[in-house]
Amino acid sequence: MASTAPRPYQNEDRRRGLRIFQSHFVTGLAVLATVLVVAPLVAIFGYLLFKGASSLTWAFFTQIPKPVGEVGGGMGNAILGSGIILGIGSVIGVPIGIAAGIYLAEFGRGTKLANAVRFTADVLNGVPSIVVGMSVYALIVMREKHFSAWSGGVALGIMMIPTITRTTEEMLLLVPHPIREAALGLGLPNWRSVLSITLPTASAGIITGCMLAFARVAGETAPLIFTAFGNAFWSHRLDQPIAALPLQIYIYAISPYDDWHRLAWAGALVLIVLIVISVALVRYAAGRAVLKGAG
Amino acid sequence: MGVGIEVTGLNAWYGSTHTLHDIGLHIAANRATALIGPSGCGKSTFVRCLNRMHETNPIARVTGSVKMGDIDIYSGISPVAIRRRVGMVFQRPNPFPTMSIYDNVASGLRLNGYRNRRSLDEIVEHSLKQAALFDEVKDDLKKKSGASLSGGQQQRLCIARALAVDPEVLLMDEPASALDPISTSKIEDLIFQLKSQYTIVIVTHNMQQAARVAEETGFFLNGKLVEFAATTKIFTNPSDKRTEDYITGRFG
Amino acid sequence: MPHAVSAEGGSEPPSPFLSPIRIFLNSRGDAALTDRVFAGLMLLSALSIFAIVIFILRQLIGSSQLSLHAFGWHFFFRSAWDPVSGDFGALPFIYGTVVSSLLALIIAVPLAVGTAVFITEMCPRFLRQPLSFLTELLAAIPSVVYGLWAIFVLLPLLRDRVNPVLIKTLGWTGFFSGYNLGNGMLAAGVILAIMILPLISSITREVMTAVPSNQREAALALGATRWEMIRVGVLRNARIGIVGGVILGLGRALGETMAVAMVIGNTPHISKSLLDSGYSMASVIANEFAEASDDMYRSALIEIGLALFIVTILVNGLARLLVWAVTRGAPARAH
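Residues numbered from 1 in each chain as written. Chains lettered and ligands numbered in written order. Predicted model: local features only at pLDDT ≥ 70, side-chain atom pairs only at ≥ 80, totals over all residues. Heavy atoms only, no water.

**A word on the overall build of chain A**
So, point 1. Of regular secondary structure, chain A possesses 12 helices and 0 strands.
So, point 2. Order of helices (α) and strands (β) in chain A, N terminus to C terminus: α-α-α-α-α-α-α-α-α-α-α-α.
So, point 3. Across its three principal directions, the C-alpha atoms of chain A cover 100 × 65 × 35 Å.
So, point 4. Classification of the 295 residues of chain A by burial places 55% in the buried group.
So, point 5. Pairs at least 24 residues apart make up 74% of the contacts formed inside chain A by residues separated by at least 6 positions.
So, point 6. Of the accessible surface of chain A, which amounts to about 12,700 Å², a share of 69% is contributed by carbon and sulfur atoms.
So, point 7. Of the side-chain charges in chain A, 21 are positive and 13 negative, and the distance between the mean point of each set is 7 Å. (Helix = DSSP H or I, 4+ residues; strand = E, 2+ residues; numbered from the N terminus. Buried < 20%, exposed > 50% of the residue type's maximum accessible area, 1.4 Å probe, protein only. Contact = heavy atoms within 4.5 Å. Areas by Shrake-Rupley, 256 points an atom, 1.4 Å probe, with all protein chains shown as cover. Lys, Arg positive; Asp, Glu negative; His and termini not counted. Charge placed at Lys NZ, Arg CZ, Asp CG, Glu CD.)

This is the structure:
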């Protein structure tokens with residue numbers, strides 16, 4: 001009878017208990033980490049809603065800021081200004097970005113040049129937006145000796161190009177090769193095949209990629225600080241300083257006036273809603289694009 | 001009416017791999033010609049050389065001559081012009097997913113600049129009838145997308161699309177291999193009826209299909225054309241032992 | 001020639017040899033010129049990516065000549081910042097950028113990896129989509145909104161709840177001393193951590209899903225617990241990519257402008273205490289550029305911008321190489 005000798009694998013049993021405990025412990029840590037990550041998001045969004053919702057009146061969207069000391073007013077000029085600047089930016093960024101994406105997916109696939117372009121675009125996406133703003137300042141504002149809406153648009157457009165290039169490429173690569181072969185087999189020239197067959201097939205994904213880029217630059221403040229500069233009044237002239245929503249939020253946030261803080265919260269809420277809608281749409285459309293391409 | 005195809009000394013490469021060796025044959029007009037052989041023997045590559053699709057791959061290369069009617073398709077003419085005269089149906093049905101049935105069939109003409117609306121309606125209807133698809137879809141021509149049809153219907157749609165540009169030659173690369181037996185037999189019936197109007201070249205790994213459908217058959221092996229003769233001869237009394245081995249199932 | 005199959009004629013008469021369709025198609029050109037022009041336009045657009053980089057470099061180098069010549073390399077090692085007398089040195093900003101970014105990494109990396117591990121390996125299936133949607137949202141919130149929230153929620157929280165505890169327990173280290181206003185280096189580090197967290201997390205998730213499942217199965221078959229399976233089967237293989245993700249997060253933190261400008265305190269001095277206010281490269285540009293009155297002042301700021309540009313390019317380039325090395329070839333699966 002081996003009653004005094006240790007049972008086989010007894011040490012391993014003890015260690016196994018410890019290992020299982022470790023595993024559960026790490027699981028707990030991971031859950032904790034996730035909660036800590038989700039909490040700020042909920043906190044931020046909830047706080048925005050709480051502080052900003054009540055200020056989203058009709059006046060908010062249609063009026064310009066009142067002078068300091070007067071309560072009320074709105075950010076109408078900033079919303080309009082953002083729209084104008086984003087419009088200019090899109091006119092610059094969307095065509096060039098999509099065309100570059102077409103090059104990467106349809107013409108240069110696998111070439112060293114395409115790899116270099118793709119890599120550079122990814123790196124550009126990580127460059128601080130304030131640097132882009134400075135460069136546009138040096139190019140346009142310094143030369144013209146005044147801030148302008150269109151210099152802000154140029155800065156945002158430059159920022160949109162690398163983003164749209166990559167998303168367009170990725171969406172075009174999802175188009176199944178047999179579709180292209182069918183188009184070529186019908187005797188369509190390459191440009192026709194790309195524009196009338198391949199591009200429309202990927203259009204849902206490409207459009208949502210553009211929306212994502214749009215939403216991203218819509219919230220950018222830094223490049224506008226010394227290009228569009230901001231404006232306390234209604235303005236739609238392209239060669240004059242113009243207000244922009246994120247810029248206005250910044251100015252109000254660091255100001256000492258409570259009423260301006262209130263407006264800042266409302267403006268931030270507007271921005272966030274725009275972004276949430278865009279992200280949700282992108283996820284929805286990307287899911288459908290994958291299904292369509294596989295069909 | 002279709003045209004005959006005269007192939008002489010055709011060689012093809014993918015990069016440095018020599019995929020087709022010195023192919024020479026004559027494909028008769030207004031007939032169906034089958035190409036058989038084991039996987040990877042080069043029959044698909046050969047067929048893609050007939051409409052210059054092979055060279056859409058940047059590392060692909062072709063030498064030799066392919067005369068369609070009295071024109072060598074590799075001398076001086078652009079590939080785009082050739083492909084307008086040679087229709088192709090692929091192994092997996094590939095209708096354009098964003099287009100309706102009507103738009104799919106009309107695409108070859110429309111996207112090449114054809115504007116006549118009324119005439120397009122007639123052409124679309126005629127092509128769909130030729131492909132034996134019209135009755136099944138005639139109420140939904142513009143409403144249903146090309147991709148919403150069943151597999152067999154999609155393939156007939158692709159055939160209609162290819163026929164709408166009135167090609168002289170119709171190339172079919174294993175058109176029924178992805179389909180169920182009923183759709184397969186429908187497509188074989190189609191080929192029967194179409195070959196009096198077009199020259200049809202059909203690649204198939206299904207020897208019974210070749211026997212059912214084609215007047216002449218070519219057997220490919222390792223990038224070479226081993227034997228080319230009347231279908232009955234290939235299947236009952238082949239001249240080359242390799243052909244006999246393949247037919248009787250010793251390999252492939 | 002004997003026929004194995006009899007040719008049954010079709011029901012329609014054969015179309016004439018040169019039908020109107022054939023005539024029409026034969027008359028169309030082959031569009032060779034259009035094809036070339038089209039391809040050329042696409043190529044030019046792709047080259048615009050390079051043009052952007054060159055453009056930025058040219059503008060920044062060109063407009064910082066004054067400062068480059070006046071201070072040379074010492075610019076980055078000096079602690080002066082006196083616009084009145086025209087004396088400029090970028091060291092405080094470099095210090096501020098580096099410290100706040102490192103602090104952000106220390107806080108963010110464990111949390112980001114933890115979240116990624118949870119979502120990829122442990123999470124019940126129905127939670128996966130909502131959670132990854134949430135992290136994607138976090139990544140999309142604009143900097144200025146983070147800054148706004150930080151000013152009115154984070155700073156008071158730090159000032160009233162967190163910092164006193166830190167001063168009491170860790171004040172002896174010297175890192176938590178001095179005035180407690182809420183803003184400063186610690187605040188910048190925390191808000192930066194929140195901002196780079198989703199980026200690191202999503203890249204970590206991407207490289208983790210790229211690890212083939214046979215690695216996980218092999219570990220489990222050997223009797224590993226779940227954590228051991230993750231550690232050995234997944235994390236070890238994804239190591240390089242995770243490092244790449246971390247470096248990408250660092251790159252983002254280095255260049256983050258608005259939120260940092262709103263909480264870091266904006267005083268150009270170097271201090272050991274994390275509760276003390278500081279300044280970063282990006283925020284000094286944001287704060288002072290519009291009012292920079294003379295050329296030397298502006299030139300110094302642009303030089304800082306140039307340094308920031310080069311550093312972020314290098315950091316991001318390195319990070320992308322690492323991530324690419326791990327995920328290349330593996331299909332990117334939808335999160």
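Past the structure itself, the notes keep going.
**Quick look at the overall build of chain C**
So, point 1. Looking only at helices and strands, one finds 12 helices and 2 strands in chain C.
So, point 2. Ordered by position in the sequence, the α and β elements of chain C form the string α-α-α-β-β-α-α-α-α-α-α-α-α-α.
So, point 3. Counting only C-alpha atoms, chain C reaches 105 × 65 × 35 Å along its principal axes.
So, point 4. When the 335 residues of chain C are sorted by exposure, 52% land in the buried category.
So, point 5. When contacts within chain C are restricted to residue pairs at least 6 apart in sequence, those whose partners lie at least 24 apart make up 73%.
So, point 6. Total accessible area computed for chain C in this model is approximately 15,000 Å², and 66% of it derives from carbon and sulfur atoms.
So, point 7. Considering chain C, the positive charge centre built from 22 side chains and the negative charge centre built from 19 side chains are found 10 Å apart.

**Things to note about the environment of isoleucine 23 of chain B**
All names here are of chain B.
So, point 1. Looking at the element boundaries, isoleucine 23 is found in strand β2 (residues 17–27).
So, point 2. Assessed through its relative accessible area of 0%, isoleucine 23 is described here as buried.
So, point 3. Spatially, the C-alpha atoms of isoleucine 23 and asparagine 11 are 6.7 Å apart, while their sequence positions differ by 12 residues.
So, point 4. Beyond its immediate chain neighbours, meaning those up to four positions away, isoleucine 23 contacts Val7, Thr8, Gly9, Leu10, Phe46, Phe220, Gly223, Lys224 and Leu225.

**So, the packing of aromatic side chains**
So, point 1. All chains considered together, the criterion is met by 22 aromatic pairs over all chains.
So, point 2. Taking 5.0 Å as the distance between ring centres and 25° as the angle between the ring planes, the aromatic pair formed by phenylalanine 219 of chain B and tyrosine 246 of chain B counts as stacked. Placement of phenylalanine 219 of chain B in strand β9 (residues 216–221) and of tyrosine 246 of chain B in helix α10 (residues 241–247) is noted, with a sequence separation of 27 residues between them.
So, point 3. An angle of 85° between the planes, with centres 6.3 Å apart, marks the rings of phenylalanine 71 of chain C and phenylalanine 88 of chain C as edge-to-face. Note that phenylalanine 71 of chain C is positioned in helix α3 (residues 65–71) and phenylalanine 88 of chain C in strand β2 (residues 87–88), a separation of 17 residues in sequence.
So, point 4. On the basis of relative accessibility, which here comes to 13%, the residue phenylalanine 71 of chain C falls in the buried class.
So, point 5. By the ring-pair criterion, three or more aromatic residues cluster together here, those being Phe71, Phe75, Phe76, Trp81, Phe88, Phe93, Tyr279 and Tyr297 of chain C.
So, point 6. Over the ring of phenylalanine 96 of chain B we find arginine 161 of chain B; its NZ or CZ atom is 4.4 Å from the centre of that ring.
So, point 7. Here the basic side chain of lysine 272 of chain C rests over the ring of phenylalanine 175 of chain C, its NZ or CZ set 5.1 Å away from the ring centre. (Phe/Tyr/Trp six-rings, centres within 6.5 Å; stacked < 30°, edge-to-face > 60°. Lys NZ or Arg CZ within 6 Å of the ring centre and 35° of its normal.)

**Observations concerning the interface of chain C and chain A**
So, point 1. Facing 78 residues of chain C, the contacting portion of chain A comprises 79 residues.
So, point 2. Overall, the association of chain C and chain A removes approximately 6,900 Å² of surface from exposure, summing both partners, and the carbon and sulfur fraction of that is 81%.
So, point 3. In this structure, the connection of chain C to chain A is made through 0 salt bridges.
So, point 4. The interface formed by chain C and chain A contains 6 residue pairs in polar contact (both at pLDDT 80 or more).
So, point 5. In terms of residue count, the dominant contributor to the side of chain C that touches chain A is helix α2 (residues 32–63) of chain C (19 residues).
So, point 6. Of the residues in the side of chain C that touches chain A, the class split is 51 nonpolar, 20 polar and 7 charged. (Buried area = accessible area lost by both parts, 1.4 Å probe. Salt bridge = Lys/Arg side-chain N within 4 Å of Asp/Glu carboxyl O. Polar contact = N/O pair within 3.5 Å; in protein donor to acceptor, adjacent residues only side chain to side chain. Nonpolar A, V, L, I, M, F, W, Y, C, P; charged D, E, K, R; others polar.)

**Topic: helix α9 (residues 226–255) of chain C**
So, point 1. Taking 1.5 Å of rise per residue, 30 residues should cover 44 Å, yet α9 of chain C covers just 38 Å from first to last C-alpha, more than 12% shy of that figure.
So, point 2. The largest bend along α9 of chain C measures about 60° and falls at arginine 239 of chain C. (Expected span 1.5 Å × (residues − 1). Bend = angle between axes of the 7 residues up to and from the residue.)

**Regarding the nonpolar core**
So, point 1. The biggest cluster of nonpolar side chains holds 222 residues, and the ones touching the most others in it are Phe46 of chain B together with Ile191 of chain C.
So, point 2. In terms of residues, this core owes the most to one element, helix α7 (residues 185–210) of chain C, which gives 15 residues.
So, point 3. Setting aside its immediate chain neighbours within four residues, isoleucine 191 of chain C contacts Tyr146, Trp149, Ala150, Leu154, Ala259 and Val263 of chain C. (Core = buried A, V, L, I, M, F, W, Y, C linked by side-chain atoms within 4.5 Å.)

**Here's the deal with the sheet that holds β2 of chain B**
Residues and elements named next belong to chain B.
So, point 1. One open sheet holds the 4 strands; their spatial order is β2-β1-β4-β5, and the pairing between them is antiparallel. With partners counted over all chains shown, the strands left at the sheet margins are β2 and β5 (71–72), one partner each.
So, point 2. In this sheet, β2 lies alongside strand β1 (residues 5–14) in antiparallel orientation, the contact comprising 7 bridges. Residue valine 7 lies in a different strand from β2, and its bridge partner there is leucine 25. (Pairing = 2+ DSSP bridges.)

**Things to note about the interface of chain B and chain A**
So, point 1. Counting residues at the interface gives 20 residues for chain B, matched by 17 residues for chain A.
So, point 2. Summing both partners gives a buried area of about 1,700 Å² for chain B against chain A, and 67% of it is carried by carbon and sulfur.
So, point 3. Its largest share of buried area at the contact with chain A, chain B owes to Phe96, Thr98 and Leu111 of chain B, together 31% of the area lost on that side.
So, point 4. At the junction of chain B with chain A, the criterion picks out 1 salt bridge.
So, point 5. Contributing elements (two or more residues each) for the side of chain B that touches chain A: α2 (79–85), α3 (101–110) and α6 (151–163) of chain B.
So, point 6. Per element, the largest residue contribution to the side of chain B that touches chain A is 3 residues, and it comes from α2 of chain B.

**Concerning the pattern of salt bridges**
Two side chains with opposite charge may pair up if their charged atoms get near one another.
So, point 1. This model, assessed by the stated rule, comprises 25 salt bridges over all chains.
So, point 2. The partner of aspartate 240 of chain B in a salt bridge is arginine 242 of chain B, with the nearest N and O atoms 3.1 Å apart.
So, point 3. Aspartate 245 of chain B is the salt-bridge partner of lysine 241 of chain B, the closest N and O atoms lying 3.0 Å from each other. Of this pair, lysine 241 of chain B and aspartate 245 of chain B both sit in helix α10, 4 residues apart, roughly one helical turn.
So, point 4. When salt bridges that share partners are traced, they join Arg118, Asp122, Arg166, Glu169 and Glu170 of chain A into one network.

**Digging into the sheet that holds strand β8 (residues 199–203) of chain B**
All names here are of chain B.
So, point 1. Taken in spatial order, the 6 strands make up an open sheet running β6-β7-β8-β3-β9-β10, and their pairing is mixed. If you trace the sheet from one side to the other, it starts and ends with β6 (86–89) and β10 (224–230), each paired once. Across the sheet, the mean angle separating the axes of adjacent strands is 15° when strand polarity is ignored.
So, point 2. Sitting on the sheet, helix α1 (residues 43–50) is in contact with β3 (32–36), β6, β7 (169–173), β8 and β9, with an inclination near 150° to β8. (Axes fitted to C-alpha atoms, helices over the stretch in contact; angles between N-to-C directions.)

**Structural notes on the pairing of β1 of chain B**
Residue and element names in this part refer to chain B.
So, point 1. Examined bridge by bridge, β1 and strand β4 (residues 60–68) share 8 bridges and lie antiparallel to one another. Looking at the pairing, isoleucine 5 lines up with methionine 68 of β4.
So, point 2. Here β1 folds back onto β2, and the loop between the two strands holds 2 residues, one of which, glycine 15, carries a positive phi near 65°.

**A word on a nonpolar patch on the surface**
All names here are of chain A.
So, point 1. A cluster of nonpolar residues, Leu18, Phe21, Phe25, Leu29, Leu32 and Leu36, forms a patch on the protein surface that exposes about 600 Å² of accessible area.
So, point 2. Secondary-structure assignment places phenylalanine 21 in helix α1 (residues 10–52).
So, point 3. On the accessibility criterion, phenylalanine 21 (52% relative accessible area) is exposed. (Patch = residues over 30% accessible without salt bridge, like charges linked within 9 Å, V, L, I, M, F, W, Y side chains within 5 Å.)

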